[in-house]
Amino acid sequence: MSRVLSFADAISEATCQALERDASVFVMGVGVDDSGGIFGTTNEAYARFGDARVFDTPISEQLTTGAAIGAALCGMRPILVHARNDFLLLTLDQIANHAAKWSYMSGGRLKCPIVIRGIIGRGWGQAAQHSQSLHAVVAHFPGLHVLMPSCARDAKGLLLAALEGDTPTVIIEHRWSYGLREEVPAEYFVEPIGKARVARVGADCTVVAASFMVTEALRAADQAAALGIDLEVIDLRTIRPWDVETVCASVRKTGRLIVADPGWGHFGLASEVSAVVAEREFSSLRAAVRRIALPDVPTPCAPVLEAAYYPVAADVLRVARELCGAELAALQSHFVASDATANGHAKPFAGAF
Amino acid sequence: MSRVLSFADAISEATCQALERDASVFVMGVGVDDSGGIFGTTNEAYARFGDARVFDTPISEQLTTGAAIGAALCGMRPILVHARNDFLLLTLDQIANHAAKWSYMSGGRLKCPIVIRGIIGRGWGQAAQHSQSLHAVVAHFPGLHVLMPSCARDAKGLLLAALEGDTPTVIIEHRWSYGLREEVPAEYFVEPIGKARVARVGADCTVVAASFMVTEALRAADQAAALGIDLEVIDLRTIRPWDVETVCASVRKTGRLIVADPGWGHFGLASEVSAVVAEREFSSLRAAVRRIALPDVPTPCAPVLEAAYYPVAADVLRVARELCGAELAALQSHFVASDATANGHAKPFAGAF
Amino acid sequence: MQSARTVSLTDLYERALLIRRAEEAVVDQYAEQNRLLVEKKPLTHAIKCPTHMSIGQEAAAAAIGFALTPDDVIFSTHRCHGHYLGKGGNLRAMMAELFGKETGCSRGKGGSMHLVDGAMGMLGSSAIVAGSVPLAVGAALSFQLRGLANVAMPCLGDGAVEQGLFTEALNFSALRKLPVVFLVENNFYATLSHVESRQTVPIPDRGRLFGMPSVCVEGSNLMKVYEAMQELVQYARSGRGPALLEVQAYRWLSHVGTEPDTGRMRRTADELRAWQAKCPIDAAERELRDRGAGEIVESVKARVSRDIAEALVFAKESEPPMVRAMFEDLHAESQR
Amino acid sequence: MQSARTVSLTDLYERALLIRRAEEAVVDQYAEQNRLLVEKKPLTHAIKCPTHMSIGQEAAAAAIGFALTPDDVIFSTHRCHGHYLGKGGNLRAMMAELFGKETGCSRGKGGSMHLVDGAMGMLGSSAIVAGSVPLAVGAALSFQLRGLANVAMPCLGDGAVEQGLFTEALNFSALRKLPVVFLVENNFYATLSHVESRQTVPIPDRGRLFGMPSVCVEGSNLMKVYEAMQELVQYARSGRGPALLEVQAYRWLSHVGTEPDTGRMRRTADELRAWQAKCPIDAAERELRDRGAGEIVESVKARVSRDIAEALVFAKESEPPMVRAMFEDLHAESQR
Ligand SMILES: Cc1ncc(C[n+]2csc(CCOP(=O)(O)OP(=O)(O)O)c2C)c(N)n1
Ligand SMILES: Cc1ncc(C[n+]2csc(CCOP(=O)(O)OP(=O)(O)O)c2C)c(N)n1
Ligand SMILES: [Mg+2]
Ligand SMILES: [Mg+2]
């Protein structure tokens, strides 16, 4: 059975199903028992399983990360939640020097099946410290899985897959995906880790995107189609390991590649995908790979700056047009900079946060 | 005046000259007052300036990083030293969420001229937590400068440049560079930040390298020359911002590019350089850019594994040969895996580090 | 700035009232914005950033500007309006910052959570819990290294105490006898989580462990908070080392935003009422009137209202930054 | 494994002696290697990893295996030989690990600083100071969540106390009454830096602040250390919450490597001599002999020497890993 569910509700449902099936799963983090429930993803679990299985923690992220690791080494499967992925930077020593390496350093004798969820904030002037997309930083480290679901179905299926696996996993969710709704199977299911999803089949140009940039890319593809450009949109879903085969197969077909990354460009996902594809598919590429990423500055607060900061569908379309050489003059005016209302939020932000 | 100095001595000399010239400079970190003096880089400073200017700290890296930032905001120019750059992961919140963003978030009203030195360990089974090269992680963040000197002259000139500038700077030094010796000006001087150095002029293929991989690349270039392949070796020196112009100019000349990175490949320096060059010089490139980086696993301890782990000159040469299509069969045997003795150490490691 | 010795209740009252009224203006502005949104009217000149109000907690903030000199420095948190104004930060520049204007104290780059006034020794705020605590320690270190008799004050909430970084800061400051006064504002909650569910130790005991004078006062009497702070600041300034001040006061509104959150989790109406009855500003006003200073109260109120009204006009009339400003200020080239 | 109640001095002596002799074998091996290096002879079967010796500090490590059950877990640091052997870790697998062999306890991947023996509840070591402390807290959390009566023990040095993470661990364990016994081995130095130049607070006071029983013993009497540990372990096991044990003992050799470092910085020959006079192993041997158990002492010595000799042979004769093993074990597929 399958019903329409929001991204947030899909995470909530997956969490409850995991807690139900597997006594070793538990949820912890700052505010997971809060009536806000981490934007509606943990409150049902808290209501149903109580604070024996879903509990608030002190604001000691380094400790709670290490505690999740230690519990996992003893057979538990913790879900550690951060309301912003920016807080991962406090815990990177535990994630990268410990969780990522514990299995390897023990010669495979120990395993550390932790799942860490961190949310990308965006909009309403959250500014530099609450709106980063830090997937590239985490994905640099062998020993981790890094997931970025872009739709409700994957939000559920990937969380459940992470909880089944034995590899420490960081899931980075985009706050603006939370309101996206689609059919999601009601029953327990897993999506494969390491497998990209062809979100839209196309012939002219491949757009590899992750997280909320998939939403922007699909919107761009709609507009491009109306103008005779047929974009293939690939949702990476897993950032480490990322699905080189699916991407390369697409590029062999289209000969063109755009990578749309919700994070910074330098040392980021767009560079990584571009470099690997250019190395593997040098002869298939008809033009240089193009990267779309954040401007190389922290997130500014002022509304005018924030609006200009984020790449949107129009940027994907502009680059696609340049790549495909089509004549699409005066197109930009069809688009306005995305705002919260346009992007999956049930209602406009009317206040802080 | 200029004398032959080791890389370590060049750092030591720069530190002393900075302390002498500028009352706002001070040095702190775990063990900087130790008779080992962070592999000989801080003991002269400690001996000359005492613990008013050069002082040991508790093992509280997060605090000392933040304290360096706070002192810098009040007009000081701290040098914070970590004996291993792996410890930076403990402090990334302070580096990336604070130092990197403080100027921007204050609309340019405040500045934060800190210098953080971290050393890459290698060899003698230091294993996974003491031998990473974490430049890519730090370099992801706008607001920072990230430097990786590969030779004694730059070790001095770049440290002094970092101390003159107003941007928070992370300098990542390679332990195996410490014994490298060359002519270094005795007087105070600065090397430009953001400017690569053409370490060897060549026509057939560009090798962009950083840190100790420059040493390997130069060694490879010697061997290649003997075989009629003319490698141009570019020492990036600055990782953020890196010198796109110099690299692209070289690629326009040679049409081929190898990037040799002392860190991991995924989301790393090699991918970054490859992506940007492939985007900018698509039509100049005669073949796909090739990346040389660490295998995608943590550093193993056992000698046989450690020896196999690190890419060396032979790897650069092999890739150059593949790229240039030359006939160089049976060449590999000229090379043995680099070991400590071969790589700039005055004497072989005879014991624990 | 008033010398520390001669501060009067009127001074403290005026500073606290300024903070209260400034935040009330933000509350009103948000109400207005929400009305426009409901009516689907455009939002010109809106505050579009997360605002963490300190209404109810003004006592500590008001004391800061009198216990410290302009050369002393403070660092703050997400909840920084009070500390900024308390330290003497420019009101207009703050309002302009909230409205995202070029004239904002951070040129619109930082917003409500990142107020800065370098001239007044307000060296910035971090939205990472405890993130700015070590910065204050570093400022104190710089004073010590330079032989300056200044004091650095990290302003932090009860939640920040749980970050190990806070203890690292206590140890390092105690070890080096740094001139730091840790100001911990305990409003009993981190978001909706009560301090008792997060900590087992009275906060001053943390400071005492490291041998520093550590005092707890209730934030319901402006003068008492000032006196406690003043004493600890003098202690730190004299070179005897760090000190810790816990000020207990209740946040009347929700963690973030401008509405109350009474009724959520453990936050009862009774709890709010009990603290509102202890409002430090009302108490000061009563005391001043009892002393026969009713006229002064009125003139203070009028001045504060006028200043805030002017600041709002200034903020609204100021220009937003040009888009190209997005690429400026990363490397402090525009240092002033 | 001996039940806690019936542990004898002989047991403790044997375990301590095993640790001592094992590390002395490492010292000898290094001496031999250095000799070969000087003679420019090839190093086959060499220890090529940084070794942090605990000679002089064996008392706490020896107690671990008797105060804890095999189902209890420990986590350790860069200086983990003693903890590994103390907990009952496999000697041959440890020696093979030091020699970088496939038969090593970590298949040669970890080396001296990353010893693991899952079966004996030694769940690994971190070379990041304080890095494994939260892991032990998490293990205790897992016991609590599952209703198991086990105890987790993080072994840490005095230096780790300075990491804020340690205080986060104290607070969280106290808050949740977790079955953790923090074992802080204070050898007065972090590398060459004396504890007095890094901390201002007696270590047990850190635990006491959080309401946990916190005891300091000198590591010169095996039985006393065992008894103190045993009592705190029982406390934690009974569900009353965490406890802290400081064991003071001197590291005879240098921070890393196998030579003494006497004469460097504050480390005087007098200091070393004073502690050597309090050697816990010598004391135990004397006491056993005084009790007329001289023969037992001899048989223990013989057994330990034989075990170590065999382990060395095993380690040297074992095969190194195949190069392709480099790519294995990243994701624990080879879970045993
Ligand atoms: C490291 C970190 N963790 C979590 C958060 C989310 N957060 C923002 S404010 C806050 C509560 C802080 O409580 P407290 O320190 O008492 O300050 P108050 O809000 O009460 O003024 C939390 C958990 C954060 N900003 N930073
Ligand atoms: C986070 C971190 N900082 C610094 C180091 C370098 N280091 C290794 S061991 C050590 C001293 C540790 O002292 P202590 O905790 O007392 O343990 P001991 O060596 O005395 O057993 C230091 C500073 C490290 N490994 N990790
Ligand atoms: Mg609070
Ligand atoms: Mg020690």
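Note: the structure precedes this text.
### A few points about empty space enclosed by the protein
Residues and elements named next belong to chain B.
Link 1 in the chain: For the coordinates displayed, the defined rule picks out 14 cavities of 30 Å³ or more.
Link 2 in the chain: Each pocket or cavity is described by its volume, and for the largest cavity that value is around 60 Å³.
Link 3 in the chain: In terms of lining, the largest cavity is formed by I120, R122, S131, S133, H174, M213, P262, L294, Y310 and P311.
Link 4 in the chain: The class makeup of the residues in the lining of the largest cavity is six nonpolar, three polar and one charged.

### Concerning the pattern of salt bridges
Think of it this way: side chains of opposite charge can pair up when their charged atoms draw near.
Residues and elements named next belong to chain A.
Link 1 in the chain: A full pass over the atoms with the stated rule returns 104 salt bridges over all chains.
Link 2 in the chain: Residues D222 and R200 are paired through a salt bridge, measuring 2.8 Å at the closest nitrogen-oxygen approach. Of this pair, D222 sits in helix α8 (residues 212–226) while R200 sits in strand β9 (residues 197–200); the two residues are 22 residues apart in sequence, bridging distant segments of the chain.
Link 3 in the chain: Exposure remark for D222: the relative accessible area of 47% places this residue in the partly exposed category.

### Comments concerning the coordination of the magnesium ion (ligand 3)
Residues and elements named next belong to chain C.
Link 1 in the chain: In this structure, D158 (OD), N187 (OD1) and Y189 (O) serve as the protein donors to the magnesium ion (ligand 3), at separations of 2.0 to 2.1 Å.
Link 2 in the chain: Summarised as a motif, the one-chain spacing of the donors to the magnesium ion (ligand 3) is D-x28-N-x1-Y. Of this pair, D158 sits in the loop between β3 (152–157) and α6 (164–176) while Y189 sits in strand β5 (residues 189–190), placing them 31 residues apart in sequence. Each member of the pair, D158 as well as Y189, is classed as buried.

### Re the coordination of the magnesium ion (ligand 4)
All names here are of chain D.
Link 1 in the chain: Distances from the magnesium ion (ligand 4) to its protein donors, D158 (OD), N187 (OD1) and Y189 (O), fall at 2.0 to 2.1 Å.
Link 2 in the chain: Between consecutive donor residues of the magnesium ion (ligand 4), the sequence gaps follow D-x28-N-x1-Y. Of this pair, D158 sits in the loop between β3 (152–157) and α6 (164–176) while N187 sits in the loop between β4 (181–186) and β5 (189–190), and the two are 29 residues apart along the sequence. Of the two residues, D158 and N187, neither departs from the other in class, the shared state being buried.

### Describing the site of ligand 1
Link 1 in the chain: Neighbouring ligand 1 are 21 residues, the closest being E61 of chain A together with H78, R79, A127 and N187 of chain C.
Link 2 in the chain: One chain alone does not account for the residues near ligand 1; they come from chains A and C.
Link 3 in the chain: At 2.9 Å, a backbone N or O of G159 of chain C approaches an oxygen atom of ligand 1.
Link 4 in the chain: Considered on its own, ligand 1 offers 580 Å² of accessible surface; in the complex 93% of this is hidden by protein.
Link 5 in the chain: Residue composition of the shell around ligand 1, grouped by class: 10 nonpolar, eight polar and three charged.

### Brief notes about the interface of chain B and chain A
Link 1 in the chain: The interface is formed by 52 residues belonging to chain B together with 52 residues belonging to chain A.
Link 2 in the chain: Interface of chain B and chain A: buried area, both sides summed, is about 4,700 Å²; carbon and sulfur atoms make up 65% of it.
Link 3 in the chain: Looking only at chain B, the three residues that lose the most surface to chain A are Y104, H140 and F267 of chain B, adding up to 18% of its buried area.
Link 4 in the chain: Inspection of the chain B/chain A interface yields six salt bridges.
Link 5 in the chain: Counting across the interface, chain B meets chain A through 20 residue pairs in polar contact (both at pLDDT 80 or more).
Link 6 in the chain: When residues of the side of chain B that touches chain A are traced back to their parent elements, those giving at least two are α5 (92–105), α6 (135–139), β12 (238–240), α10 (269–280) and β14 (290–294) of chain B.
Link 7 in the chain: Here the side of chain B that touches chain A takes nine residues from α5 of chain B, the largest share from any one element.

### Section: the nonpolar core
Link 1 in the chain: Counting 208 residues, the largest nonpolar core has V273 of chain A, V273 of chain B, F182 of chain C together with F182 of chain D as the members making the most contacts within it.
Link 2 in the chain: What F182 of chain C contacts, discounting residues up to four positions off in sequence, is V133, V137, P154, F166, A169, L170, S173, M212, P242, A243, L244 and L245 of chain C.
Link 3 in the chain: Core analysis: the second largest hydrophobic core is formed by 82 residues, A127 of chain A together with V195, V233 and L253 of chain C among them.

### A look at the interface of chain B and chain C
Link 1 in the chain: Taken together, the contact pairs 39 residues of chain B with 42 residues of chain C.
Link 2 in the chain: For chain B, the biggest contributors to the area lost against chain C are L63, Y104 and R109 of chain B; these three give 22% of the whole.
Link 3 in the chain: Remark: the boundary between chain B and chain C carries zero salt bridges.
Link 4 in the chain: Run the count over chain B and chain C and you get 15 residue pairs in polar contact (both at pLDDT 80 or more).
Link 5 in the chain: Sorting the residues of the side of chain B that touches chain C by element identifies β2 (25–28), α4 (61–73) and α5 of chain B as the ones contributing at least two each.
Link 6 in the chain: Split by residue class, the side of chain B that touches chain C holds 19 nonpolar, 17 polar and three charged.

### Focus: the site of ligand 2
Link 1 in the chain: The local shell around ligand 2 holds 21 residues, among which E61 of chain B together with H78, R79, A127 and N187 of chain D are the closest.
Link 2 in the chain: In this structure, ligand 2 sits where chains B and D come together, each supplying nearby residues.
Link 3 in the chain: Within the side chain of R79 of chain D, an N or O atom sits 2.7 Å from an oxygen atom of ligand 2.
Link 4 in the chain: Here an oxygen atom of ligand 2 and a side-chain polar atom of D158 of chain D are 2.9 Å apart.
Link 5 in the chain: The fraction of the free accessible surface of ligand 2 (580 Å²) that becomes covered by protein chains is 93%.
Link 6 in the chain: By residue class, the composition of the shell around ligand 2 is 10 nonpolar, eight polar and three charged.

### Quick word on helix α4 (residues 61–73) of chain A
All names here are of chain A.
Link 1 in the chain: For α4, with 13 residues, the first-to-last C-alpha span of 18 Å sits near the 18 Å given by 1.5 Å per residue.
Link 2 in the chain: With respect to burial, α4 is a largely interior element, 13 of its 13 residues being buried.
Link 3 in the chain: Just past α4, the residue G75 takes up positive phi, approximately 100 degrees.

### What about the sheet that holds strand β2 (residues 25–29) of chain A?
All names here are of chain A.
Link 1 in the chain: One open sheet holds the seven strands; their spatial order is β3-β2-β4-β5-β7-β6-β12, and the pairing between them is mixed. Across the chains shown, the open sheet's two edge strands, defined by having one partner strand only, are β3 (54–56) and β12 (238–240). Strand-to-strand twist across the sheet, computed as the mean angle between neighbouring axes with direction ignored, equals 20 degrees.
Link 2 in the chain: Judged from the three bridges that link them, strand β6 (residues 145–147) and strand β7 (residues 169–174) form a sheet pairing that is parallel. Across the sheet, the residue bridging to H145 is T169, located in β7.
Link 3 in the chain: Sheet strands in contact with α4 are β2, β4 (77–82) and β5 (115–120), and its direction is about 165 degrees off that of β4.

### Things to note about the packing of α4 of chain A against helix α5 (residues 133–146) of chain D
Link 1 in the chain: Direction vectors running N to C along α4 of chain A and α5 of chain D enclose 55 degrees, while the axes themselves pass 6 Å from each other. Taken together, α4 of chain A and α5 of chain D sit at an angle that is classed as oblique. The two elements α4 of chain A and α5 of chain D cross, and the hand of that crossing is right-handed. Taking contact as the criterion, the partners of L63, G66, A67, I69, G70, A71 and L73 of chain A in α4 of chain A are, on α5 of chain D, P134, L135, V137, G138, A139 and S142 of chain D.

Calculation notes
For every chain, the first residue of the written sequence is number 1, and numbering continues from 1 along that sequence. The order in which chains are written sets their letters, starting at A; the order in which ligands are written sets their numbers, starting at 1. In keeping with the predicted nature of the model, local features appear solely for residues at pLDDT of at least 70, side-chain atom pairs appear and are counted solely at 80 or more, and the whole-chain, interface and lining totals rest on all residues. Processing note: side-chain calculations cover all non-hydrogen atoms of the structure and skip hydrogens and water entirely. Cavity and pocket criteria rest on a 1 Å grid covering protein atoms alone: a 1.4 Å probe that fits but cannot get out defines a cavity, protein on both sides within 12 Å along at least 5 of 7 lines defines an open pocket, and an atom within 4 Å of a point defines a lining residue. Grid points are joined across faces, edges and corners, and a volume is the space filled by probe spheres set on the points. Residue polarity follows a fixed list, in which Ala, Val, Leu, Ile, Met, Phe, Trp, Tyr, Cys and Pro are nonpolar, Asp, Glu, Lys and Arg are charged, and the others, Gly among them, are polar. We define a salt bridge as a side-chain nitrogen of Lys or Arg found within 4 Å of a carboxyl oxygen belonging to Asp or Glu. Only runs of H or I of at least four residues qualify as helices and only runs of E of at least two qualify as strands under DSSP, and these elements are numbered from the N terminus. Per-residue accessibility, obtained with a 1.4 Å probe over protein chains only, is compared with the maximum for each type, and a residue is labelled buried under 20%, exposed over 50%, and partly exposed between these values. Because no water is among the atoms considered, metal sites can look incomplete, with donors defined as N, O and S atoms within 2.8 Å of the metal, or 3.2 Å for Na, K and Ca. Nearness of a residue to a molecule or strand requires only that one of the residue's heavy atoms be within 4 Å of it. Any pair of nitrogen or oxygen atoms within 3.5 Å is treated as a polar contact; in protein, a donor-acceptor pairing is required on top of that, and neighbouring residues in sequence qualify only through side-chain atoms on both sides. For the area figures, the Shrake-Rupley method with a 1.4 Å probe applies, and any residue is considered shielded solely by the protein chains shown. We call two residues in contact whenever any of their non-hydrogen atoms come within 4.5 Å of each other. Here the quantity called buried area is the total loss of accessible area, with a 1.4 Å probe, experienced by two parts when brought into contact, counted for both. Nonpolar core, defined: a set of buried Ala, Val, Leu, Ile, Met, Phe, Trp, Tyr and Cys residues in which side-chain atoms within 4.5 Å join the residues together. Helix span, as expected, comes to 1.5 Å for every residue beyond the first. Think of it this way: DSSP has to see at least two bridges between two strands before they count as a pair. Only the contacting stretch of a helix is used when fitting its axis, a line to C-alpha atoms as for every element, and angles between N-to-C directions run 0 to 180 degrees. Oblique is the label for any angle not covered by the other classes, which are roughly parallel (under 35 degrees), roughly antiparallel (over 145) and roughly perpendicular (65 to 115). By definition, turning the near helix anticlockwise from the far helix through less than a right angle yields a left-handed crossing, and turning it clockwise yields a right-handed one.

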